[in-house]
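Results of the structural survey
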Amino acid sequence: MNYRHAFHAGNHADVFKHLTLTRLIALMSRKEQPFAYLDTHAGIGLYDLQGDQASRTGEYLEGIARLWDQPDLPALTADYMQVLHEMNPDGQLRYYPGSPELARRLTRPQDRVLLNEKHPEDGVLLKDNMKGDRRVKVHLGEGWHVPRAMLPVPEKRAVMLIDPPFEQLDEMQRCAASLKEAIGRMRQTVAAIWYPVKDQRLLRRFYQDLAGTGAPKLLRVELLVHPLDTPNSLNGSGLAIANPPWGLEEELRELLPWLSKKLGQTQGGWQMDWLIAES
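Residues numbered from 1 in each chain as written. Predicted model: local features only at pLDDT ≥ 70, side-chain atom pairs only at ≥ 80, totals over all residues. Heavy atoms only, no water.

The protein chain goes by Ribosomal RNA large subunit methyltransferase J in an unreviewed UniProt entry, where it is assigned to Pseudomonas silesiensis. The UniProt entry for the protein chain carries this comment under Sequence similarities (unreviewed entry): "Belongs to the RlmJ family." UniProt, in the comment section headed Subunit (unreviewed entry), describes the protein chain in these words: "Monomer." (UniProt positions renumbered as here; feature names shortened; annotations may be inferred.)

And the structure:
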C-alpha cells in the first residue's frame, strides 16, 4: 500500500499507456452501441505535476513534457493532447490526467465509467475528482476482484484496464489470472494489462501465463526507452491487449516509431506481436 502514482505521473510509461487507451476508446466509439470502461487500479484520476510528489521525481520531464510543445504531433495523438490542453488552458503544463479522467472525458453520454481503487486516501481523492459525472461510479476495494464483481456488463461491450503497482512479485501472475477470469465471464472484453519491462526472467513467465489465458486474441506491445539488458532500470513498459478492436494494430505501427524516438532515453525502441493469434 506504499505505492502512489503521483510520483510517476506523466512519465514515458504513462504517455504510452494513455495514448493507447485514448485510441482504444476512439475505436470502440465507432459503433453507436454503448460500452463500459472498467479500471481495476484507478489511482486518483488527476495529477498536479508541480505538486510535491511529481516534482520530487520529475519523471514527467522525460515523458509528457517532451511532447507538450511539439509542433509535429501525429493526428493519432489528437484526443490525448486535447484533454491535456483542456486541463492546462493557459498553455503551461501542470495538470495531467490519469486513466479515469481520460476515460471520463473521452467516453460518450451512453457509456459508463466504473473505477476501482484500493488505497483508502487515493479512493477518497478519486471520488472527489470524479464527482458531478453521473456516468462514473467509484468503488473502493481490491482491484483483483473487479472481473468477478463487475463482469459481464449490461452493455455487452467492455474495455478494462488492469494497471497494478507491481509492488509484489506475484502481481504479473495475478494480472494473467484476472485476464483469464475476465475472458471467462465475458469473452468479448477488451482488456489491456500494463506491465513494466525490467526483469526478463519474470517477463518470460508472464508471457507464458498470458498465452494460457484462453483469450480469443492477445496483442503484445512494448515501448522501450533503454536497451532491454540495462540493469536496475525501468527499460520500458508494455501492454497486453486482449480482443483489440480492428484498426488498433495498424494505428500502433504508425505511432510507436515516432513515440520511441521522442521518449527514448539511452536508446528508444518498440516491439509488437501476437501472443495469441486469432484462430
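Next, the rest of the story.
What follows deals with the overall build of the protein chain. What the protein chain contains, in helices and strands, is 10 helices and 10 strands. Its C-alpha radius of gyration of 17 Å places the protein chain within 12% of the 19 Å reference for a compact globule of 279 residues. By principal-axis analysis of the C-alpha atoms, the protein chain measures approximately 45 × 45 × 35 Å. For the protein chain, the residues scored as buried account for 56% of the 279 residues in total. In the protein chain, 76% of the contacts between residues at least 6 apart in sequence involve partners at least 24 apart. Summed over all atoms, the accessible surface of the protein chain reaches about 12500 Å², with 49% contributed by carbon and sulfur. (Helix = DSSP H or I, 4+ residues; strand = E, 2+ residues; numbered from the N terminus. Rg over C-alpha atoms; globule rule 2.2 N^0.38 Å. Buried < 20%, exposed > 50% of the residue type's maximum accessible area, 1.4 Å probe, protein only. Contact = heavy atoms within 4.5 Å. Areas by Shrake-Rupley, 256 points an atom, 1.4 Å probe, with all protein chains shown as cover.)

For helix α4 (residues 78-87), the complete set of buried residues consists of Tyr80, Met81, Val83, Leu84 and Met87. Projected down its long axis, α4 shows its buried positions confined to an angular sector of 155°, all on one face. Looking at the packing, one finds that the buried side of α4 touches α1 (12-28), β2 (46-48), α3 (64-68), β3 (95-97) and α5 (99-106). (Arc of directions from axis to C-beta.)

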